[in-house]
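Each chain, letter by letter, is given below.
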Amino acid sequence: MCDQTPNWILQHPAYQQMKDLEVGDSEQLHAAFLVYMDLTEVRRWKEVSCVKSPELQVVLLKAKEKEGASVQTIFPLPVHRSLSHRSIRQVLDRGFPVLLCAVAADSTLVYQRMTDGLVTPDPPAGPFQDVGRRQHRKRRQQH
Amino acid sequence: MEESPSMDDHQDSSLVVGVGLCDSAPLLWRLQDLKTVRSLGLVGALLGSLPRTPRQNQRLGRPLLLLPEEEKLLRDEEAAGALPGQNQDVGGVELQRRFEEDQQRSFEEQSVLALEDRKSALLRAMTSSHTGSESGAEAVDEALRRRLEALDHSFTFPQSAMAVQLSTARAGLSYCPEARAHLQANWPIREQNSPRSDARCQVFRDLRGRGFFLTSAGKFGGDFLVYPGDPLRFHAHFIAVCLMLDESVCLLDVLAVARLGSNVKKTVLLCSPT
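Given the structure is predicted, the values throughout are model-derived calculations rather than measurements.

### Remarks on the overall build of chain B
In terms of regular secondary structure, chain B is built from 7 helices and 11 strands. Nonlocal contacts in chain B, meaning residues at least 24 apart in sequence, comprise 61% of its contacts between residues at least 6 apart. Counting only carbon and sulfur atoms, one obtains 53% of the accessible surface of chain B, whose full area is about 18,000 Å².

Here it is in C-alpha cells:
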C-alpha cells in the first residue's frame, strides 16, 4: 500500500459517505471504515451501507452476508471503549441481527454476535462413549 | 403460600426451613430443610465434609450454603425462619458430661487390657526363648515372676494411646432444637445494598420465576449459571452477568466473557433490571 497516497482512506468514497453522517467521533469513524473494508473486500458481504445511530452518535453498518440473506446491523467500536447494556439494546431494537465488532489499534477485528433473548447454546458434539473406570484410573496415574 | 387444611402438621411445618447463621453465611443443616429448598427450585452449595469420604471435594455434605438471593427469596415467601444458635442448646451440657464419663470408663478398661496384653507378650517372649533347656527352667520362672511384678508397678497407659471410637453412621445433626423463631423485622441486616446486588436479586427472581435453576458462577466469571432444569440432570445453558442498564463495561470484558462462554458451550446473558 505504500506506493499509494497515504490519504487514500480519507479519499475513499465510502469514508466520505460515513464522514457526511457527522457523528463527530473520528476514531469510531475510522473503525467503521476498517470494518467496511473487511466486509466488502475480505468477506465479500453484499449491499454494505452506513447509517447513523442518533441515540448512540455512532456509525453503524448494514449488510447482508450473501445475496438474498437478511440484513444485519454491524456495530464497529474501538476496542478500548466502554459500552452499556442499554446501548447494545438500542442497536438490537433496530430489529436486525447484530454483530458487534471490536477494532484494535493494529486493525485486528473481532466480531461478536449479540442476540435478543435467551438463545440455547449448541449442544456438545457427539458421539459420546462411557469411558469407564479404567480410563479414569489411567488418566490419574499420568499426573 | 396457601396451607391446605387437609395437610397434617408435620407436612406443613416442613414448608418453613430453619436457617442457621454462621457469621453472615446462611446455612441449612437439616435434611428435611434441604429437601424442601430443592423442591422450591433452589440449589445452594454443599460445604461439608462427608465423614466416610473426607479427603475429596467432588461429593460434599451438609451444611448447604444459600446464595444471598436464595435466602432473600425464602424470606420474602415467608419460608425461612432463624435457627437458634448452638450455645443456646440446653441439652449440650448434659451430653458433654455423659461423653466425658464414657471416655473415662473406656480409658480405664483399655488400661487394664493393655497391661494384660503386655504381660502375655512378655510371657511368650521369655518362655519361647528357653524351651528345651530343663535345667534353667526354674531360673526362668523366677526371672519371669520378677519381670511381671515390675511391670505391674511401672506400667502406665498413656492417654494418647487410647483408642477412641467415632460413630459416623447417622451421627446426625439432630441436636438442632425443634423450636424456631419465625422471622420478623429483626432478621439481622447483613447485606450491603449496592445497585449491583439489587440487580442480581431481580435477575435471580425473574429467571427463577421462569423455571430456571440458578447457581453461583464464580468459576466462569459471571453472576449465575442458569440451568433449564435441576442441575443434577442438565448442563447449564447460560452464564448470567448482571449489571445496571446504564453501567459502563469495557468492550474487552464483553469480548472476554463471550469467548469464555463459547469455550464452555454456554451462552452469555447480559441481564439488567428495567
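### Regarding the layout of surface pockets
Space inside the second largest pocket adds up to approximately 1,000 Å³. Lining the second largest pocket are 36 residues, with Thr115 and Gly117 of chain A together with Val268, Leu269 and Leu270 of chain B positioned closest to its centre.

### Regarding the interface of chain A and chain B
Tallying the contact residues gives 24 residues for chain A and 24 residues for chain B. When chain A packs against chain B, close to 1,900 Å² is buried across both sides, 71% of that on carbon and sulfur atoms. Where chain A meets chain B, there are 1 salt bridge. The closest approach of N and O atoms between Asp246 of chain B and Arg86 of chain A, which form a salt bridge, is 2.5 Å. Summed over the shared surface of chain A and chain B, the number is 7 residue pairs in polar contact (both at pLDDT 80 or more). Going through the elements one at a time, strand E3 (71-78), strand E4 (82-84), helix H4 (85-92), strand E5 (98-103) and strand E6 (109-114) of chain A are the ones with two or more residues in the side of chain A that touches chain B. When grouped by side-chain class, the residues that make up the side of chain A that touches chain B number 15 nonpolar, 6 polar and 3 charged. Alignment of E4 of chain A against strand E10 (residues 248-250) of chain B, held across 3 bridges, turns out to be antiparallel.

### Some words on the side chain of Gln72 of chain A
When you line up the elements, Gln72 of chain A lands in strand E3. Of the polar contacts made by the side chain of Gln72 of chain A, one reaches the side chain of Arg113 of chain A; its length is 2.9 Å.

### Re the side chain of Arg208 of chain B
Residue and element names in this part refer to chain B. Inspection of the secondary structure puts Arg208 in helix H6 (residues 195-209). Put simply, Arg208 is tucked away with no salt bridge, and the nearest opposite charge, on Glu77, sits 7.5 Å away. Within the structure, Arg208 has its side chain in polar contact with the backbone oxygen of Gly41 (distance 3.3 Å). In this structure Arg208 touches Leu40, Gly41, Leu42, Leu73, Phe213 and Leu214, once residues within four positions along its chain are discounted.

### Here's the deal with the pairing of E3 of chain A
Residue and element names in this part refer to chain A. With 7 of its 8 residues buried, E3 lies for the most part within the structure. Inspection of the sheet shows strand E2 (residues 58-64) paired to E3 by 4 bridges, in the antiparallel sense. From the neighbouring strand, Lys64 faces E3, where its bridge partner is Val71. Hairpin connection between E2 and E3: a loop of 6 residues separates the two successive antiparallel strands, and Gly68 in this loop has a positive phi of roughly 85 degrees. The pairing of E3 with E5 spans 6 bridges and is classified as parallel. Within E5, the position partnered with Ile74 by the bridge is Leu99.

### What to know about the packing of aromatic side chains
The full count for this structure, using the stated rule, is 6 aromatic pairs over all chains. Judged by centre distance (5.7 Å) and plane angle (85 degrees), the ring pair of Tyr15 of chain A and Phe33 of chain A falls under edge-to-face. Taken together, the positions of Tyr15 of chain A in helix H2 (residues 13-20) and Phe33 of chain A in helix H3 (residues 26-42) put the pair 18 residues apart, joining distant regions of the chain. Of the two residues examined, Tyr15 of chain A and Phe33 of chain A, each falls in the buried class. With a centroid separation of 6.2 Å and 85 degrees between ring planes, the pair formed by Phe212 of chain B and Phe238 of chain B is classed as edge-to-face. You can see Phe212 of chain B sitting in the loop between H6 and strand E7 (213-216) and its partner Phe238 of chain B sitting in strand E9 (residues 238-242), a full 26 residues away along the chain. Judged on exposure class, the residue Phe212 of chain B and its partner Phe238 of chain B are both buried. Here the aromatic cluster, defined as three or more aromatic residues joined through ring pairs, consists of Trp8, Tyr15, Phe33 and Tyr36 of chain A.

Here is what the cut-offs are and how they apply
Residues numbered from 1 in each chain as written. Chains lettered and ligands numbered in written order. Predicted model: local features only at pLDDT ≥ 70, side-chain atom pairs only at ≥ 80, totals over all residues. Heavy atoms only, no water. Helix = DSSP H or I, 4+ residues; strand = E, 2+ residues; numbered from the N terminus. Contact = heavy atoms within 4.5 Å. Areas by Shrake-Rupley, 256 points an atom, 1.4 Å probe, with all protein chains shown as cover. 1 Å grid on protein atoms, 1.4 Å probe; cavity = no way out; pocket = protein on both sides within 12 Å on 5 of 7 lines; lining within 4 Å. Points joined across faces, edges and corners; volume = space filled by probe spheres on them. Buried area = accessible area lost by both parts, 1.4 Å probe. Salt bridge = Lys/Arg side-chain N within 4 Å of Asp/Glu carboxyl O. Polar contact = N/O pair within 3.5 Å; in protein donor to acceptor, adjacent residues only side chain to side chain. Nonpolar A, V, L, I, M, F, W, Y, C, P; charged D, E, K, R; others polar. Pairing = 2+ DSSP bridges. Buried < 20%, exposed > 50% of the residue type's maximum accessible area, 1.4 Å probe, protein only. Lys, Arg positive; Asp, Glu negative; His and termini not counted. Phe/Tyr/Trp six-rings, centres within 6.5 Å; stacked < 30°, edge-to-face > 60°.

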